[in-house]
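# What the coordinates show
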Amino acid sequence: MEETTARRKPTIRDVAAAAGVSRGTVSRVINGGHWVSPDARSAVEDAIRRTGYTANHAARSLATGRAGSLAFLLTEPQHLLFQDPTFALLLRGAAEALAQRSMTLVLLVAGTPAERAGVATFVSAGHVDGVLLISSHEADPLLEQLLEAGVPTVCCGIPLGHSAHVPTVSVDEIGSAREMTRYLRSRGHRRIAMIAGPHDTPGGRYRLVGFEEEMGDDFDAALVEEGDYSQESGAVAMTALLERSADIDAVFAASDLMAAGAIAALRRAGLRVPEDIAVAGFDDSGLAATHEPPLTTMRQPWERISDEMVSLLLEVIAGAQPQPITLPTTLVVRGSA
């Protein structure tokens, strides 16, 4: 009898007994419910570790009609998943948030029309319970397809044209850009250029809006170039700006990668950073601290963004209509500006 008991797989009943809570509370914790007190959640998570309980996903899927997984959907070319550190940070945060809930993360990349069509078919078939949409473009029909198919979706950033139809977790893009521009102006810079992100993305559009608003009468459209958030595009944009104007004294790039590209172009032109031209970025994705010189940048709360997206999506799946979440950024001053 003792041997049989020792071999028996722990159940929700065992976890509830070990935690001193009801089986319903354990079930809510396991399924990502948010109507659980912090103390009860902590007790259940500790009991799960002590008992060695693991969820039977197949049984739970049959009982609930859910897959027990969420999709991390990146609508960008595949190489950007590895080149842009911001995506890796969001992916890691989402994976950790789901692991705490005994759920699975499914990585989907849809950078081409064919990939988008395949993804739309996959998620609409119920292979995942919902979608964490990490990037969105204004003219991309994929988000509309997800909404029409009734797929629970939460967006990272405010999707252009769909802000009223889908829950979002974003940073204050306009306010953040204004803060960085204000900082550069406080350092005595007046001929400030901007390397903006793609205009069909939330970050590309709203960071430029914040920059223009803060510059006021000093805004010069000739000192704005658009990149695609990559380091190479930052270098190309900086070269174009230098050819257009010789009196630039600072540059605000809408990503750290573009800021790094701008610095490389400035060095090739024989200019020093920050002595000749100050350079600031956006993200603080890891590159900023290790770059030479270290980048002054706006830090996004990456782990919290991922965690809030997962929590929000689980609320949507449960039938709630949550409000959008806007998170603050932090100005981090380093050697580049």
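What counts as what
- Residue numbers restart at each chain and count upward from 1, following the sequence in its written direction.
- With the structure being a predicted model, the display of local features is reserved for residues of pLDDT at least 70 and the display and counting of side-chain atom pairs for 80 or more, all residues being used for whole-chain, interface and lining totals.
- Calculation of side-chain values draws on the structure's entire complement of heavy atoms; hydrogens and water are dropped beforehand.
- Working convention: axes come from line fits to C-alpha atoms, limited for helices to the stretch in contact. Angles between N-to-C directions cover 0 to 180 degrees.
- Numbering of helices and strands runs from the N terminus; a helix is a DSSP stretch of H or I covering at least four residues, while a strand is a stretch of E covering at least two.
- The labels follow the angle: roughly parallel below 35 degrees, roughly antiparallel above 145, roughly perpendicular from 65 to 115, and oblique for the rest.
- Any pair of residues with heavy atoms lying within 4.5 Å of one another is described as a contacting pair.
- Put simply, Ala, Val, Leu, Ile, Met, Phe, Trp, Tyr, Cys and Pro go in the nonpolar bin, Asp, Glu, Lys and Arg in the charged bin, and everything else, Gly too, in the polar bin.
- Between 30 and 60 degrees the pair is tilted, below 30 it is stacked and above 60 it is edge-to-face, where a pair is any two Phe, Tyr or Trp rings, Trp via its six-membered ring, whose centres lie within 6.5 Å.
- Throughout, exposure labels follow a simple rule: accessible area from a 1.4 Å probe, protein chains only, divided by the maximum for the residue type, with under 20% read as buried, over 50% as exposed, and the rest as partly exposed.
- Cavity means a closed set of points on a 1 Å grid over the protein atoms alone, one where a 1.4 Å probe fits but cannot get out, pocket means an open set with protein on both sides within 12 Å along at least 5 of 7 lines, and lining means a residue has an atom within 4 Å of a point.
- Grid points are joined across faces, edges and corners, and a volume is the space filled by probe spheres set on the points.
- For the domains described, the bounds stem from an automatic or database domain assignment.
- Any two strands are treated as partners once DSSP identifies two or more bridges connecting them.
- Orienting the strands away from the viewer, one traces the path from the first strand over the helix to the second; a clockwise path indicates a right-handed crossover.
- pLDDT measures how confident the predictor is about each residue, on a scale from 0 to 100.
- As used here, the term nonpolar core means buried Ala, Val, Leu, Ile, Met, Phe, Trp, Tyr and Cys residues forming a set that is joined through side-chain atoms within 4.5 Å.

The name that an unreviewed UniProt entry assigns to the protein chain is LacI family transcriptional regulator, with the source organism given as Microbacterium kyungheense.

Two packed helices can be described by the angle between their axes and the distance between those axes. Two elements in contact, helix H2 (residues 12-19) and helix H3 (residues 23-30), have axes separated by 8 Å at closest approach and are oriented at 105°. Judged on the interaxial angle alone, H3 and H2 are roughly perpendicular. Packed against H2, whose contacting residues are Ile12, Arg13, Val15 and Ala16, the element H3 presents Arg23, Val26 and Ile30 at the interface. Classifying every residue of the contact of H2 with H3 gives five nonpolar, no polar and two charged.

Turning our eyes to something else, we now look at the packing of aromatic side chains. As enumerated under the stated definition, the model contains two aromatic pairs in all. For the ring pair Phe211 and Phe219, a centre distance of 6.1 Å and an interplane angle of 70° mean the geometry is edge-to-face. Its relative accessible area of 23% is what places Phe219 among the partly exposed residues. Considering the side-chain rings of Phe211 and Phe252, the 6.5 Å spacing of their centres and the 55° angle between planes classify their relative orientation as tilted. Taken together, the residues Phe211 in helix H11 (residues 202-215) and Phe252 in strand E8 (residues 250-253) connect sequence positions 41 residues apart. The pair formed by Phe211 and Phe252 is uniform in burial state, with each residue classed as buried.

What follows covers the layout of surface pockets. In this model, the largest pocket occupies a volume close to 670 Å³. For the lining of the largest pocket, the secondary structure elements donating two or more residues are helix H6 (78-83), helix H7 (85-99), strand E5 (168-171), H11, helix H12 (231-244), helix H13 (256-268) and helix H15 (302-317). When grouped by side-chain class, the residues that make up the lining of the largest pocket number 15 nonpolar, 15 polar and eight charged. Residue contributions to the lining of the largest pocket reach at least three from each of two domains, namely domain 2 (69-171 + 303-328) and domain 3 (173-299).

Turning next to empty space enclosed by the protein. On inspection of all chains with the given rule, the structure shows two cavities of 30 Å³ or more. Its volume calculated, the largest cavity comes out at about 70 Å³. Lining the largest cavity are 11 residues, with Leu133, Ser136, His137, Asp140 and Leu143 sitting closest to its centre. In the lining of the largest cavity, the residues fall into five nonpolar, five polar and one charged. Taken together, Arg190, Arg191, Ile192, Phe211, Met215, Asp218, Phe219, Asp220 and Leu223 make up the full set of residues lining the second largest cavity. For the lining of the second largest cavity, the class distribution of residues is five nonpolar, no polar and four charged.

What follows concerns the pairing of strand E4 (residues 153-156). Residues in a regular strand project their side chains so that they alternate between the two faces of the sheet. Residues Thr153 and Cys155 point to one face of E4 and Val154 and Cys156 to the other, with burial holding for every one of them. By the bridge criterion, three bridges tie strand E3 (residues 130-133) to E4 in an arrangement that is parallel. Bridge pairing in E4 places Val131 opposite Thr153. Each parallel crossover has a hand, and for E3 linked through helix H9 (residues 142-148) to E4 it is right-handed.

Right, let's get into the sheet that holds E3. One open sheet accounts for six strands, arranged E2-E1-E3-E4-E5-E11; its pairing is parallel. Edge strands, defined here as strands with exactly one partner in the open sheet, are strand E2 (104-109) and strand E11 (325-327). Pairs of neighbouring strands in the sheet enclose a mean axial angle of 20°, with direction left out of account. Two elements, E5 and E11, share three bridges in a ladder whose sense is parallel. Of the residues in E11, the one forming a bridge with Ser170 is Thr326. Across the face of the sheet, helix H8 (residues 113-124) comes into contact with strand E1 (69-74), E2 and E3 while running at roughly 155° to E2.

Let us now look at the confidence of the model for the protein chain. Averaged over all residues, the pLDDT of the protein chain equals 89, while 91% of them reach at least 70. Contacts for the low-pLDDT stretch residues 1-6, under 50 throughout, to residues beyond four places or in other chains number zero contacts. Note that pLDDT drops below 50 for residues 57-64; the model gives that stretch 11 contacts with residues more than four away or on any other chain.

Below, the discussion takes up the nonpolar core. If you look at the biggest cluster of nonpolar residues, it comprises 41 residues, and the most contacted ones within it are Leu184, Ile195, Phe211, Met238 and Phe252. Of the residues forming this core, the biggest block, six residues, is contributed by H13. Discounting residues that sit within four places of it in the chain, Phe252 has contacts with Ala177, Met180, Thr181, Leu184, Ala193, Met194, Ile195, Phe211, Ala280, Gly281 and Phe282. Formed by 30 residues, the second largest nonpolar core is a distinct cluster that contains Leu90, Leu132, Val154 and Cys156.

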